[in-house]
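Here are the chains, one letter per residue:
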Amino acid sequence: MRIAQVTGFLGSGKTSFLMKLADELTGRGYKVAVIVNDVGHINVDQKIMGSHGLTVKEVAGGCICCEVQGTFTTTITNLHISHRPDIVLVEPSGVAIPWGLKQAVADASKKSGLDIVHSPIVTFVDCVALSEQLMFVGRLISMQIREADAVMINKTDLCTDDEIQECESMIRDIDPDASVMYGSAATGKGVTELADLMTSGASSRYDEAMEKGTFKEQYG
Ligand SMILES: Nc1nc2c(ncn2[C@@H]2O[C@H](COP(=O)(O)OP(=O)(O)O)[C@@H](O)[C@H]2O)c(=O)[nH]1
Ligand SMILES: [Mg+2]
């Protein structure tokens with residue numbers, strides 16, 4: 001079972017994009033589950049199914065959605081028992097940083113005994129709002145960008161090529177080696193590329209000792 005996580009500031013388009021991604025992956029024959037913090041924000045025909053302590057909603061195309069109930073490990077384990085998804089897409093809260101997400105998956109993997117492949121962690125950036133956001137939550141967004149395996153510049157449909165370039169250079173100022181992708185949840189741009197990345201690549205592995213060292217070094 002694969003676990004693919006996205007992060008990024010509130011409003012950057014994670015939920016919208018994940019729904020497109022779920023459709024794409026379902027179309028490719030994967031059994032997809034989505035875990036979000038707030039299922040209420042997902043606007044689809046839904047059939048509610050209770051199983052193994054999970055409230056699961058079936059959304060268009062057979063993909064299922066649920067919220068984290070109890071610990072992340074419990075949710076993942078119950079999801080595996082009840083639905084056997086091939087891939088679980090996870091949208092944690094907007095303030096989550098990749099380091100914490102990697103830790104959560106490493107932990108779930110160890111405690112559940114499940115064979116989990118951790119897909120690259122993708123940080124979503126709002127092309128329109130990044131410069132303003134960097135002024136008031138710069139530290140958080142910088143961490144999200146620096147620790148991500150890839151950065152998705154979303155909402156490109158609302159920006160000119162120059163504005164997209166500008167956004168990318170702000171990202172490169174934070175992390176010169178960032179692996180940048182361009183997308184739009186509105187037009188579907190970047191959905192195929194993200195699906196490819198999340199079904200083939202693996203996240204750099206979480207190593208507690210190493211991560212703690214890096215974390216301390218970078219953030220004190
Ligand atoms: N034009 C445009 N709007 C988008 C795009 N992605 C998300 N939105 C809108 O931005 C708002 C926040 O999106 P949401 O997916 O809830 O962001 P989240 O907080 O990161 O999950 C919603 O009103 C979306 O419709 C995009 O690529 N283009
Ligand atoms: Mg959301």
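Definitions and limits used
- Residues numbered from 1 in each chain as written.
- Chains lettered and ligands numbered in written order.
- Predicted model: local features only at pLDDT ≥ 70, side-chain atom pairs only at ≥ 80, totals over all residues.
- Helix = DSSP H or I, 4+ residues; strand = E, 2+ residues; numbered from the N terminus.
- Buried ≥ 20, exposed ≤ 12 C-beta atoms within 10 Å, placed from the backbone.
- Contact = placed C-beta atoms within 7 Å.
- Axes fitted to C-alpha atoms, helices over the stretch in contact; angles between N-to-C directions.
- Parallel < 35°, antiparallel > 145°, perpendicular 65-115°, else oblique.
- Left-handed = near helix turned anticlockwise from the far one by under 90°.
- Near = placed C-beta within 6 Å.
- Expected span 1.5 Å × (residues − 1).

Colleague: Even after reading the chapter, I still don't get the overall build of the protein, so can you show me in this structure?
Modeller: What the protein contains, in helices and strands, is seven helices and ten strands. By residue count, 40% of the 220 residues in the protein fall in the buried class. Within the protein, residue pairs in contact and separated by at least 24 positions form 76% of the contacts whose partners lie at least 6 positions apart.

Colleague: I keep staring at the packing of helix α2 (residues 72-83) against helix α3 (residues 98-112) and nothing clicks. Help me out?
Modeller: How two helices sit against one another is set out by the angle between their axes and by the gap between those axes. Running from N to C, α2 and α3 point in directions that differ by 60°, and their axes come no closer than 9 Å. One finds that α2 runs oblique with respect to α3. The way α2 lies across α3 gives a crossing that is right-handed. Counted together, F72, T73, I76 and T77 of α2 and A104, D107, A108, K111 and S112 of α3 form the full contact between these two elements.

Colleague: Teacher, can you tell me more about the packing of helix α4 (residues 130-146) against helix α5 (residues 161-174) here?
Modeller: Orientation of α4 relative to α5, taken along the N-to-C sense of each, is 50°, at an axis distance of 10 Å. If you check the angle between α4 and α5, you find them oblique. Seen along the crossing, α4 lies across α5 with a hand that is right-handed. Of α5, the residues touching α4 (which contributes L130, S131, L134, S142, I145 and R146) are C167, M170, I171 and I174.

Colleague: Hey, could you run me through the site of ligand 1 in this one?
Modeller: In the neighbourhood of ligand 1, 16 residues make up the surrounding shell, with G13, K14, T15, S16 and A185 lying closest. Here the shell around ligand 1 takes three residues from helix α1 (residues 14-27), the largest share from any one element.

Colleague: Would you mind going over α2 with me for this structure?
Modeller: It helps to recall that an α-helix has 3.6 residues per turn; residues three or four apart then point in one direction. Between its first and last C-alpha atoms α2 spans 16 Å; for twelve residues at 1.5 Å apiece the expected length is 16 Å, and the two agree. Along α2, the residues that are buried comprise F72, T75, I76, T77 and L79. Of the surrounding elements, those touching the buried residues of α2 are β2 (32-36), β4 (54-58), β5 (64-67), β6 (87-91) and α3. R84 sits one or two positions beyond α2 and adopts a positive phi of about 45°.

Colleague: Please explain the environment of K102 as it appears in this structure.
Modeller: Relative to the assigned elements, K102 resides in helix α3. Under the C-beta neighbour-count criterion, K102 is labelled buried, with 22 such atoms within 10 Å. In this structure the C-alpha to C-alpha distance between K102 and H118, which are 16 residues apart in sequence, comes to 8.2 Å.

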